[in-house]
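The primary structure of each chain is shown beneath.
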Amino acid sequence: MKNIDVIALGELLIDFTENGLSPNQNPLLEANPGGAPCNVLAMLQKLGKKTAFIGKVGKDAFGEYLIETVRKAGIDTANLVQDEEVPTTLAFVHTAEDGDRSFSFYRNPGADMMLTEEEIDYSRIDTAKIFHFGTLSMTHEGVRAATKRAVAYAKEKGLLISFDPNYRPLLWKDADTAKEMMRYGFLQCDILKISDDEITFVTGKETVAEAIPAFCELYQPRLMCVTCGKKGSIAIYKQMQVACDAVLREDTIETTGAGDTFMACTLNYVLEHGLTALSEQDLYDMQRFAGAAASVITTRKGALKVMPTKEEVLQNMRNCQ
């Protein structure tokens, strides 16, 4: 019985985000639960879907906090395991004046890298409709093997495969390995979300307009969304390309989790409308809602714990008409 809408495998970590200065003018950092796959699941939960997570955290205070947080979000944690020796992965998010961000990682190693093939409960995958993953679970050999086996199992069981590269250059030994793992994901997935920076990176083209046809010559996901930050997004489906403007807000403070929120809303639309007969209007409506949800998360610190409700997204759409 398919009682889980989306199951995701990947990283779960602490995002330390900047939150002002102390009385001594030292930077204050807030420990926000994060990790792209669980951010996606948290938004799906807010939209009324049932989700489950496969991953690994440390047996430490941060790991315990993450497990508690994910459970409170309603995400199934039956296959969230703990490493007795390797600590929970930490990321430090540095925010620019325009809200964009860069990352520093304490992950050499980190617990999320230590997930093995044997630790995956494949029976959980049996009960899901969509399997979602990214590349952070393929940066190192052990977790890479676990990810590939889980993807192969999900495809064998007939799940839709969803992929978001979520490329973080600092976590790869070289760009060529990153591209290889991204190409693996492109060849496996039915649903793809890719950023403007990522699609130009993997195609070697200078612009998104040049990159899309070059990409589509090599890979044919059934549904693909290219996110372009403040420039909006483009959905590619069958022979259609549909663009949608971004929903911009003056109170944006940072963009952490915006792509994950967009990804979740895309998967939610597929769950509710299928993937066989989408119209141009469907593709526009899907992106409009996803973009509005992403813009809400840019006004909040963190992502996993503060995903918007459906009504908050709809209200944001009404306010920005």
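Located above this text is the structure these notes cover.
Bear in mind the structure is a predicted one, so any value in this text is a computation, not a measurement.

Draft legend 1. Helix H8 (residues 258-273), seen in detail. Helix length check: H8, at 16 residues, gives a terminal C-alpha distance of 23 Å against a target of 22 Å (1.5 Å per residue), a fit within 8%. Judged by how many residues are buried, H8 sits mostly within the fold: 12 of 16 residues are covered. Here H8 has its buried residues at Ala258, Asp260, Thr261, Phe262, Met263, Ala264, Cys265, Thr266, Leu267, Asn268, Tyr269 and Val270. Taken from the residues just after H8, Gly274 is the one with a positive phi, measuring 80°.

Draft legend 2. Representation of empty space enclosed by the protein. Per the stated rule, a full pass over the model turns up 1 cavity of 30 Å³ or more. Of the voids in this model, the largest cavity is the one considered here, and its volume is about 40 Å³. Residue lining of the largest cavity: Glu11, Ala36, Pro37, His132, Phe133, Gly134, Asp164 and Asn166, and that is the complete set. Elements represented by at least two residues in the lining of the largest cavity include exactly helix H1 (36-46) and strand S8 (128-134). The element contributing the most residues to the lining of the largest cavity is S8, with 3 residues. In terms of residue class, the lining of the largest cavity is built from 3 nonpolar, 3 polar and 2 charged.

Draft legend 3. Summary view of the side chain of Thr298. Mapped onto the elements, Thr298 comes out in the loop between helix H9 (280-297) and helix H10 (310-319). Overall, Thr298 belongs to the buried group, its relative accessible area being 7%. A distance of 2.9 Å separates a polar atom in the side chain of Thr298 from a polar atom in the side chain of Thr252. Apart from the residues lying within four places of it in its own chain, the contact partners of Thr298 are Thr252, Ile253, Glu254, Thr255 and Ala258.

Draft legend 4. Highlighting the state of the cysteines. The tally for this structure, following the rule as stated, stands at 0 disulfides. There is no disulfide at Cys225, and the cysteine sulfur nearest it, in Cys244, is 9.9 Å away. A relative accessible area of 0% means that Cys225 is categorised as buried. On the basis of relative accessible area, Cys244 is assigned to the buried category, the value being 4%.

Draft legend 5. Focus on the packing of helix H5 (residues 175-188) against helix H6 (residues 196-203). Closest axis-to-axis distance for the H5/H6 pair is 10 Å, and the angle between their directions is 105°. Classified by the angle their axes make, H5 and H6 are roughly perpendicular. In this structure, H5 contributes Ala175, Lys179, Met182, Arg183 and Phe186 to the contact, and H6 contributes Glu198, Phe201 and Val202. Residue composition of the contact of H5 with H6, grouped by class: 5 nonpolar, no polar and 3 charged.

Draft legend 6. Focus on the pairing of strand S9 (residues 160-164). Most of S9 sits out of view: 4 of its 5 residues are buried. The pairing of S8 with S9 spans 5 bridges and is classified as parallel. Pairing of Phe131 across the sheet is with Ile161, part of S9. Handedness of the crossover joining S8 and S9 through helix H4 (residues 141-156): right-handed. Bridge count for S9 against strand S10 (residues 191-195) is 2 bridges, and the pairing is parallel. Bridge pairing links Phe163 to Leu192 in S10. Crossover S9 to S10 through H5 is right-handed.

So, how was this worked out
Residues numbered from 1 in each chain as written. Predicted model: local features only at pLDDT ≥ 70, side-chain atom pairs only at ≥ 80, totals over all residues. Heavy atoms only, no water. Helix = DSSP H or I, 4+ residues; strand = E, 2+ residues; numbered from the N terminus. Expected span 1.5 Å × (residues − 1). Buried < 20%, exposed > 50% of the residue type's maximum accessible area, 1.4 Å probe, protein only. 1 Å grid on protein atoms, 1.4 Å probe; cavity = no way out; pocket = protein on both sides within 12 Å on 5 of 7 lines; lining within 4 Å. Points joined across faces, edges and corners; volume = space filled by probe spheres on them. Nonpolar A, V, L, I, M, F, W, Y, C, P; charged D, E, K, R; others polar. Polar contact = N/O pair within 3.5 Å; in protein donor to acceptor, adjacent residues only side chain to side chain. Contact = heavy atoms within 4.5 Å. Disulfide = S-S within 2.5 Å. Axes fitted to C-alpha atoms, helices over the stretch in contact; angles between N-to-C directions. Parallel < 35°, antiparallel > 145°, perpendicular 65-115°, else oblique. Pairing = 2+ DSSP bridges. Right-handed = clockwise from strand over helix to strand, strands pointing away.

Keep in mind these values describe shape, not function.
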